[in-house]
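Summary of the model geometry
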Amino acid sequence: MRIGELSRRTGVNAHQLRYYEAQGLLEADRGTNGYREYDESAVLRVKQIRHLLAAGLSSEDIAYLLPCATGETPDLLGCPELISAMRSRLRRLDDQMTRLARSRTALADYISAAERSGRDTYPPFDHTEAVAS
């Protein structure tokens, strides 16, 4: 099938499909006319990629995981290297969430302090200076 049909069948635009190919996540043959030709397994592969992207994995992580993927969701075989890679990604996500939580708390504190100050304008505007100018 050509890229347009793969796009229609998976809901993924052609630009993204070409990106997946460039990242080594998806393979295409070239027809005599130069068009990309995908086999039927590409539909499943694209669905696997989309699920893994939704889990927050990078294309590099996915390239590493795909050989262990079966099914659309996908199910992943539990080899030690795979589990180690996923645990590493989970730790990075946990670190990001911790940093975001700290940022959120700090921002909420600034908002509370600003609301308590009771000023209507910022910066404080001296009307007498504006009239004198």
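Because the structure is a prediction, the values reported are computed rather than measured.

Attention now moves to the overall build of the protein chain. Regarding its fold elements, the protein chain presents six helices and four strands. In the protein chain, buried positions account for 22% of the 133 residues. Excluding contacts between residues fewer than 6 apart, the proportion of contacts in the protein chain whose partners are at least 24 apart in sequence is 44%. Carbon and sulfur atoms make up 52% of the accessible area of the protein chain, which totals about 9,700 Å².

Here we come to the packing of helix H1 (residues 3-10) against helix H3 (residues 41-54). It is at 10 Å that the axes of H1 and H3 come closest, and there the two elements cross at 50°. Viewed along their axes, H1 and H3 adopt a mutual orientation that is oblique. As for the relative orientation of H1 and H3, their crossing is right-handed in sense. The residues of H3 that touch H1, namely those facing Leu6, Arg9 and Thr10, are Ala42, Val43, Val46 and Lys47. By residue class, the composition of the contact of H1 with H3 is four nonpolar, one polar and two charged.

Before going further, it helps to examine the environment of asparagine 13. Mapped onto the secondary structure, asparagine 13 falls in the loop between H1 and helix H2 (14-22). A sequence separation of 10 residues divides asparagine 13 from isoleucine 3, and the C-alpha atoms of the two residues are 8.9 Å apart. Of note is the side chain of asparagine 13, whose polar atom sits 2.8 Å from the backbone nitrogen of glutamine 16.

Checked against the element boundaries, arginine 36 lands in strand E2 (residues 36-37). A polar contact is formed between the side chain of arginine 36 and the side chain of glutamate 21, at a distance of 2.6 Å. In this structure, arginine 36 is in contact with Met1, Arg2, Ile3, Arg18, Glu21, Ala28, Asp29 and Arg30, ignoring residues within four places of it in sequence.

Take the side chain of arginine 89 next. Along the chain, the position of arginine 89 falls in helix H5 (residues 80-117). There is a polar contact of 2.3 Å between the side chain of arginine 89 and the backbone oxygen of glycine 56. With residues up to four places along the chain from it excluded, the contact list for arginine 89 reads Gly56, Leu57, Asp61 and Gln96.

What counts and what doesn't
Residues numbered from 1 in each chain as written. Predicted model: local features only at pLDDT ≥ 70, side-chain atom pairs only at ≥ 80, totals over all residues. Heavy atoms only, no water. Helix = DSSP H or I, 4+ residues; strand = E, 2+ residues; numbered from the N terminus. Buried < 20%, exposed > 50% of the residue type's maximum accessible area, 1.4 Å probe, protein only. Contact = heavy atoms within 4.5 Å. Areas by Shrake-Rupley, 256 points an atom, 1.4 Å probe, with all protein chains shown as cover. Axes fitted to C-alpha atoms, helices over the stretch in contact; angles between N-to-C directions. Parallel < 35°, antiparallel > 145°, perpendicular 65-115°, else oblique. Left-handed = near helix turned anticlockwise from the far one by under 90°. Nonpolar A, V, L, I, M, F, W, Y, C, P; charged D, E, K, R; others polar. Polar contact = N/O pair within 3.5 Å; in protein donor to acceptor, adjacent residues only side chain to side chain.

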